[in-house]
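Read off the chains here:
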Amino acid sequence: LAHGLGVTVQSLTRLDAAWAGPHEAWAFPMRDVDGEMIGIRLRNETGKKWAINGSRSGLFIPDGQLGDMVEQVLVCEGPTDTVAALDLGFTAIGRPSGMGQENMVAAICRRRNVVIVGDNDPPKQRPDSTEWRPGRDGAERLAAALYGEARTVKVIYPHRAVKDLRAWMKAG
């Protein structure tokens, strides 16, 4: 998995990633704000993603929880971007998708400096024909939820030629 994703085994281990043989996929625990596992996200060899039945959506938190002394946190979309951020030397947590878990992130990031790393997803069409960009819209929505909770909030995006943080890292 590390080789295929272009990340290190050490950072995958920090997220407790493991092979889930019965599902023929890699498993990533999703945790609540106390670090308790509440769900498991799966990713197969082709990149398809889903959760084990009965899972609740949570966050990808390295080593189960963040220490009290952590002052800055990167918030990423998905476990593999979180692993890339760890490889780059950052303290990071991840959401299962570009939307959701705003209250959990706010609880973990209270009084911390936060950098949200949005994805450059292609535009999607709503039924009313308006366009939306899941990665950008989700990052902006999370930023709005963190104002007043976090010490500072910044939103960054990879270079437009790449989709997400992991691809940005692989591109150098």
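Caption draft 1: Region of interest: the overall build of the protein chain. Within the protein chain, the regular secondary structure consists of 6 helices and 10 strands. Here the C-alpha atoms of the protein chain give a radius of gyration of 15 Å, agreeing with the 16 Å that 2.2 N^0.38 yields for 172 residues. A principal-axis box enclosing the C-alpha atoms of the protein chain has dimensions of 45 × 40 × 35 Å. Across the protein chain, every contact between residues at least 6 apart in sequence was considered, and the portion connecting residues at least 24 apart equals 56%. If you sum the accessible surface of the protein chain, you get close to 9,100 Å²; carbon and sulfur atoms cover 50% of it. If the 22 positive side-chain charges of the protein chain are averaged to one point and the 21 negative ones to another, these points end up 3 Å apart.

Caption draft 2: Fine view of unusual backbone geometry. The backbone of Asp63 sits at a positive phi, close to 55 degrees, despite the residue not being glycine. Inspection of the secondary structure assignment puts Asp63 in the loop between strand E4 (49-51) and strand E5 (72-77).

Caption draft 3: Up close: the layout of surface pockets. Its boundaries defined by the atoms lining it, the largest pocket holds a volume of some 230 Å³. What lines the largest pocket is a set of 16 residues, among which Arg43, Lys49, Glu77, Gly78 and Thr80 lie closest to the centre. Counting residues per element, the ones that place at least two in the lining of the largest pocket are strand E3 (37-43) and helix H3 (79-87). Looking at the lining of the largest pocket residue by residue, the class counts come to 4 nonpolar, 3 polar and 9 charged.

What counts as what
As a convention, each chain's residues are numbered from 1 in the sequence order in which they are written. Reporting in this predicted model follows two pLDDT cut-offs: at least 70 for local features of residues, and 80 or more for side-chain atom pairs to be given and counted; totals over whole chains, interfaces and linings ignore these cut-offs and use all residues. Derived side-chain values reflect all non-hydrogen atoms in the structure, with water molecules and hydrogen atoms excluded from consideration. Helix numbers and strand numbers start at the N terminus; a helix is a DSSP run of H or I with at least 4 residues, a strand a run of E with at least 2. Atoms considered for the radius of gyration are the C-alpha atoms alone. The globule rule reads 2.2 Å times the number of residues to the power 0.38. Contact criterion: two residues are considered in contact whenever any of their non-hydrogen atoms come within 4.5 Å of each other. In short, Shrake-Rupley with a 1.4 Å probe defines the accessible areas, and a residue's cover is counted only from the protein chains shown. We count Lys and Arg on the positive side and Asp and Glu on the negative side, and we leave His and both chain ends out. Where a charge sits is defined by one atom per residue type, namely NZ (Lys), CZ (Arg), CG (Asp) or CD (Glu). In this analysis a 1.4 Å probe is tested at points of a 1 Å grid over the protein atoms alone, and where it fits but cannot get out there is a cavity; an open set with protein on both sides within 12 Å along at least five of seven lines is a pocket; lining residues have an atom within 4 Å of a point. Grid points are joined across faces, edges and corners, and a volume is the space filled by probe spheres set on the points. Just so you know the grouping, Ala, Val, Leu, Ile, Met, Phe, Trp, Tyr, Cys and Pro go in nonpolar, Asp, Glu, Lys and Arg go in charged, and all remaining residues, Gly too, go in polar.

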